[in-house]
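Observations on chain architecture
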Amino acid sequence: MRRITGKAKDETLIELQSAGDSHTAVLAAYTINLQPDENGGVGLNSLSEQPSLPGNSETEILQPSKDTVFFRDGVRRIDFVLSYVDDKDGEKKQERRRCFEANLEKVGLELETEDKSESKDHKTYFLKIHAPWDVLATYADVLKIKVPFKASDMPHTHDAALSCLSHPFRLPDHIMNPKPDYFTHAFDKNKTDFFLINDKSTFFPPSTRNRIVFYILARCPYYKEGRKDKDRTGIKRLLSNGTYTAAFPLHDCRYWKRARDAGSESERFKLYKNWARFLCFYKEQPLNLIRKYYGEKIGIYFAWLGFYTEMLFFAALMGLICFTYGVLSYDDNISSKEICDADIGGNIFMCPLCDKKCPFWKLNSTCLSSWQSHLFDNEGTVFFAMFMGIWVTLFLEFWKRRQARLEYEWDLVDFEEEQLQLQMRPEFEIRCTNRRLNKITQEMEPYLPVTSKCARFCLSTATVVFWISLIVACIIGVIAYRLAVFAAFASVIKDPMRRIQVVGRFITPQLATSVTASCINFVIIMILNFFYERVAIWITDMEIPKTHLEYENRLTMKMFLFQFVNYYSSCFYVAFFKGKFVGFPGDYSYMFGTSKLRNEECDPGGCLIELTTQLVIVMVGKQLCGNIQEALLPLMRNWWNSRKARHNPEIHYSRWEQDHVLLNFTQLGLFYEYLEMVVQFGFITLFVASFPLAPLLALFNNILEIRVDAWKFTTQFKRPVASKARNIGAWQEILNAVAILSVVTNAFIMAFTSDMIPRMVYLYAYSKDASMWGYVNNSLSVYNISQIPKQHMPEEPHSLFNVSSETCRYRDYRYPPGHQKEYTHTMQFWHILAAKMAFIIIMEHVVFVVKFFVAWMIPDVPSDVKARIKRERYLIQEYLHNYEVEKLKLQLSASFITEPISEPSLSTD
């Protein structure tokens, strides 16, 4: 083991492995080839596929490239890089670094330092770390990393017909399957000859190597020998106190060109070329290559996102068909024809929608909104709502099958059970000073006392309740805004003396209020998100979860709870509360019991169009903001960095410097990607009955999202430390809960928000000619204008319409004035309510029965995967048995050979 520090700019260091290698010394990161030139002589040509950059001199071309992933000897691979700078607090940090690096060398890691004079800024030192075979083998045994022991003999079945159809969407086989298929077993350092080890330097892929090195870095202390200071442990604390500025594994090449190193596979270039470019949007994802380069955790995310996007295609197609039906049946909408008819809707005198500021109005003024409502509130919407309930089940069940296949192919079948203790967070080990005996391992381990757990849980619960209450308070504020501003819009838009009368024909007070309130609500949502992210992380850190899995699951549940209330509360208000507690003229209901803010009413066409408006603004606004944040801002930064990098040749701009300027991929990087998609999943399932085009918008967004995320990972982020994950974690349970809730919400939307049930009751029970003619008049009740209290009467007389009328109409089913049961609900109201409840029960039971039947019919694990798992376990037992038998035979044969030799020698003596 030798630690080397390079300080001379112009000198090339060639390190010899041994005296016997002196005639075959390897020049670091540069290989030349002798080829005949145009004149028949011999010239020097680089092996790189890319031509040399313009402006390079001959001396630059002959210099070794610094764009390499190897030490200066060109043999030892750089598995991790630490960077630091000298600053005011230099002595303390230098002491920490000396202790930390000395402890790393004791573990067996090999270090090499790049002096600051070698860096472009002349300030940053880079510490390169290499893990030799002994270290890798030791920790691969500790971490139970699965490695191949036999080539797989299980055939892969392919449907020839489907292969031909899917050929345009497929990638080359060497990209889709970068390595052969093997049977694997957990690595055992004492049985290295049991495994298929052809070359120790390449046996463990770079992703496994950097995972092992990071495991060591996270647990390596930086205190001197003899001292016991648990707080002075791990690279995370050294990064937080500024001792090191960054810690990251290296990308294997630049993303736009292959590496010059013969030992580098240029997987980053392959990913960028075949995956990260938007022109590849119709191609399948190279999941095995993603997993090989980034690790299983990132691979499972892109597998889930790709599968979700594929399934969205069917939901989007059905939603488009439903919307097309609404467009084609546009002229058959009798209710809208009645509202727009000058002889029907023009002669219906409506009661004011608010006190004082709102005038009396004619029903035909809502002609346009009634036509718009029909596009989404029609017979096809019921079918689509039921279809989405079944689609959700199919999506979740087929994903379980896909996940089970990936678990086997990526060696994750028994990962969670074996790795639970090995994933203990360093923060838990440091902050928990109490120790107790583990009954399973019989070793002392840190633990958190029950009293401390209870105190932290109570504080966490109180904090969550407080912030959820803050969300509810903001929603109440938006509702108050809607009530207060509606009167202003009504007085402005409906005033014939105003010059905006032309606009008023297309924008109703309800629509104007709904749009502005939705925009304000969206701004509040984005502001609250900023705080919720930090609050959720703070609460989870305070609870001190034991393992990484437990930490992520707790943070996931808290963050989704915040986002659920934040994003969906306004939609729940419009869907289930608006227009439901209004009262009637002379006895209206008011917010907070005051006489100033009267509860909102729905249009004669129903509240569904307002729910559609709310959903579109929040959902589309969130996706636009997310795409701008994820794509445009990094794109500008990438353009600047690429411009700077392309003007710095590889011989001057080292691989570690190129990666150093990239963004850090934090532990919660994937968390926010999952959160964005799960919130979108809630929009397209919980309220999809109000907007059938929501899956189509989500499909377009996800096609872009996959390529944007791929582009970020390959071009914008430092290479993440590879980590394993068996599945998508707590997000699976959240998706299951949202799927069940979506059936209930869509049933209630169709029953109470939509006008479908009242129309069906009228058609089959109250219509005289079995048609919808007369429905509008039937759905409006009558009220005597003289009975309206003076303090609620409009300031402008109702004679503005040049119509003399003693009554006005309002949306409800109540007896008219003069009746024995004046202004009480009619029998038709109770018939409609009974029909709504019956519809909810029938729809829920039908969808749930189909859901559970489909879930029962589709097994979670495919049969061929079960067979492969059983085959692998059988082979492991057989091969281990044979291995031990052969080992025993060799020992016995060795003892038989030595015994005859030793006996004559003794007799001779």
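This text goes with the structure placed above it.
Read on for an overview of the structure.

Rules and cut-offs
- Residues numbered from 1 in each chain as written.
- Predicted model: local features only at pLDDT ≥ 70, side-chain atom pairs only at ≥ 80, totals over all residues.
- Heavy atoms only, no water.
- Helix = DSSP H or I, 4+ residues; strand = E, 2+ residues; numbered from the N terminus.
- Contact = heavy atoms within 4.5 Å.
- Areas by Shrake-Rupley, 256 points an atom, 1.4 Å probe, with all protein chains shown as cover.
- Buried < 20%, exposed > 50% of the residue type's maximum accessible area, 1.4 Å probe, protein only.
- Pairing = 2+ DSSP bridges.
- Disulfide = S-S within 2.5 Å.
- Core = buried A, V, L, I, M, F, W, Y, C linked by side-chain atoms within 4.5 Å.
- Patch = residues over 30% accessible without salt bridge, like charges linked within 9 Å, V, L, I, M, F, W, Y side chains within 5 Å.
- Salt bridge = Lys/Arg side-chain N within 4 Å of Asp/Glu carboxyl O.
- Polar contact = N/O pair within 3.5 Å; in protein donor to acceptor, adjacent residues only side chain to side chain.
- Axes fitted to C-alpha atoms, helices over the stretch in contact; angles between N-to-C directions.
- Parallel < 35°, antiparallel > 145°, perpendicular 65-115°, else oblique.
- Left-handed = near helix turned anticlockwise from the far one by under 90°.
- Nonpolar A, V, L, I, M, F, W, Y, C, P; charged D, E, K, R; others polar.
- Phe/Tyr/Trp six-rings, centres within 6.5 Å; stacked < 30°, edge-to-face > 60°.
- Lys NZ or Arg CZ within 6 Å of the ring centre and 35° of its normal.
- Expected span 1.5 Å × (residues − 1).

With respect to the overall build of the chain
Summing up its helical and strand segments, the chain has 29 helices and 17 strands in all. Counted over contacts in the chain with a minimum sequence separation of 6, partners at least 24 positions apart contribute 78%. Of the accessible surface of the chain, which amounts to about 43900 Å², a share of 61% is contributed by carbon and sulfur atoms.

Examining the side chain of Lys297
With respect to the secondary-structure elements, Lys297 resides in helix H11 (residues 296–328). Apart from residues no more than four positions distant in its own chain, Lys297 is found in contact with Glu552, Leu670, Ser723, Lys724 and Ala725.

Quick notes on the pairing of strand E5 (residues 110–114)
The buried fraction of E5 amounts to five of the five residues, a majority that puts the element mostly inside the structure. Burial of the side chains of E5 extends over both faces: Glu110, Glu112 and Glu114 are buried on one face and Leu111 and Thr113 on the other. Of the strand pairs in this sheet, E5 and strand E6 (residues 124–130) are connected by five bridges, and their pairing is antiparallel. Looking across to E6, one finds that Leu111 is bridged to Ile129.

Re the environment of Glu265
Turning to its location among the elements, Glu265 is positioned in the loop between strand E9 (246–248) and helix H9 (267–276). Taking the C-alpha atoms as reference, Glu265 lies 8.6 Å from Cys253; in sequence the two are twelve residues apart. Residues contacting Glu265, with those up to four places away along its chain left out, are Asp252, Lys270 and Lys292.

Concerning the state of the cysteines
Using the criterion set out here, one finds two disulfides in the structure. Each disulfide pairs two cysteine sulfurs, and for Cys340 the partner residue is Cys367, the sulfurs being separated by 1.8 Å. Torsion about the S-S bond of the Cys340 and Cys367 cystine: about 100°, corresponding to right-handed handedness. Taken as a pair, Cys340 in helix H12 (residues 334–340) and Cys367 in helix H13 (residues 367–376) lie far apart in primary sequence, 27 residues in all. The residue that forms a disulfide with Cys351 is Cys808, at a sulfur-sulfur distance of 1.9 Å. Residues Cys351 and Cys808 share a disulfide whose torsion about the S-S bond is about 85°; that sign makes it right-handed.

Remarks on the nonpolar core
With 127 residues, the main nonpolar core has Trp304, Tyr308, Trp391, Tyr568 and Trp731 as its most contacted residues. Excluding residues that lie within four positions of it along the chain, Trp304 makes contacts with Phe395, Trp399, Tyr674, Met677, Ile728 and Leu735.

Describing a nonpolar patch on the surface
A contiguous nonpolar patch, built from Phe169, Phe278, Phe281, Tyr282 and Leu704 and spanning about 480 Å² of accessible area, is present on the exposed surface. By the secondary structure assignment, Phe169 is in the loop between helix H4 (160–166) and helix H5 (173–176). You can call Phe169 partly exposed: its relative accessible area is 42%.

Here's the deal with the environment of Ser370
Inspection of the secondary structure puts Ser370 in helix H13. With relative accessibility at 8%, the residue Ser370 sits in the buried group. Along the sequence, Ser370 and Lys337 sit 33 residues apart, while their C-alpha atoms lie 9.1 Å from each other. In this structure, Ser370 is in contact with Asn333, Ser336, Ile339 and Cys340, ignoring residues within four places of it in sequence. Of the polar contacts made by the side chain of Ser370, one reaches the backbone oxygen of Cys367; its length is 2.6 Å.

A word on the packing of H9 against helix H24 (residues 694–716)
Two numbers describe how H9 lies on H24: the axes approach to 10 Å, and their chain directions differ by 165°. Regarding the angle of H9 to H24, the classification is roughly antiparallel. Between H9 and H24 lies a crossing of left-handed hand. Across the interface between the two elements, Arg268, Leu271, Tyr272, Trp275 and Ala276 of H9 pack against Arg707, Ala710, Trp711, Thr714 and Thr715 of H24. Residues that form the contact of H9 with H24 fall into these classes: six nonpolar, two polar and two charged.

Topic: the packing of aromatic side chains
In the structure shown here, the tally under the stated rule is 68 aromatic pairs. Measuring from ring centre to ring centre gives 5.9 Å for Phe307 and Trp399, while their planes differ by 40°; the resulting arrangement is tilted. Taken together, the residues span a long stretch of sequence, with Phe307 in helix H11 and Trp399 in helix H14 (residues 379–409) at a distance of 92 residues. Taking NZ or CZ as reference, Arg534 lies 3.9 Å from the ring centre of Phe530, over its face.

Things to note about unusual backbone geometry
At His122, a position not held by glycine, the phi torsion is positive, near 60°. If you check the backbone angles, Ser266 has positive phi at about 55° while not being a glycine. Along the polypeptide, Ser266 turns up in the loop between E9 and H9. When its relative accessible area of 3% is taken as the criterion, Ser266 is described as buried.

Section: helix H26 (residues 756–766)
Buried within H26 are the following residues: Met756, Ile757, Pro758, Arg759, Val761, Tyr762 and Leu763. The inward-facing, buried residues of H26 contact H12, H14, helix H25 (730–753), helix H27 (775–779) and helix H28 (827–857).

A few points about the packing of helix H23 (residues 669–686) against H24
Packed helices, taken two at a time, are described by the angle between their axes plus the distance between the axes. Contact geometry of H23 with H24 gives a least axis separation of 11 Å together with a crossing angle of 170°. Taken as axis vectors, H23 and H24 run roughly antiparallel relative to one another. Where H23 abuts H24, its residues Leu670, Glu673, Glu676, Met677, Gln680 and Ile684 lie against Ala694, Pro695, Ala698, Asn701, Asn702, Glu705, Asp709, Lys712 and Phe713. Of the residues contributing to the contact of H23 with H24, the split by class is seven nonpolar, three polar and five charged.

Regarding H28
In a regular helix each residue adds 1.5 Å, so 31 residues correspond to 45 Å; H28 covers 45 Å between its end C-alpha atoms and thus fits that length. For H28, the set of buried residues is Gln828, Ile832, Lys836, Phe839, Ile840, Met843, Glu844, Val847, Phe848, Lys851 and Val854. Where H28 is buried, its residues contact H14, H25, H26 and H27.

With respect to the pattern of salt bridges
Considering all chains together, one arrives at 37 salt bridges under this definition. Two residues, Glu267 and Lys292, come together in a salt bridge whose shortest N-O distance is 2.2 Å. Linking Glu267 in helix H9 with Lys292 in helix H10 (residues 287–294), this pair joins segments that are 25 residues apart in sequence. The shortest N-O distance in the salt bridge between Lys724 and Glu296 comes to 3.1 Å. Placement of the pair is Lys724 in the loop between H24 and H25 and Glu296 in helix H11, with a sequence separation of 428 residues. You can call Glu296 buried: its relative accessible area is 8%. A single network of salt bridges, built from pairs that share partners, joins Asp67, Arg254, Arg655 and Asp659.

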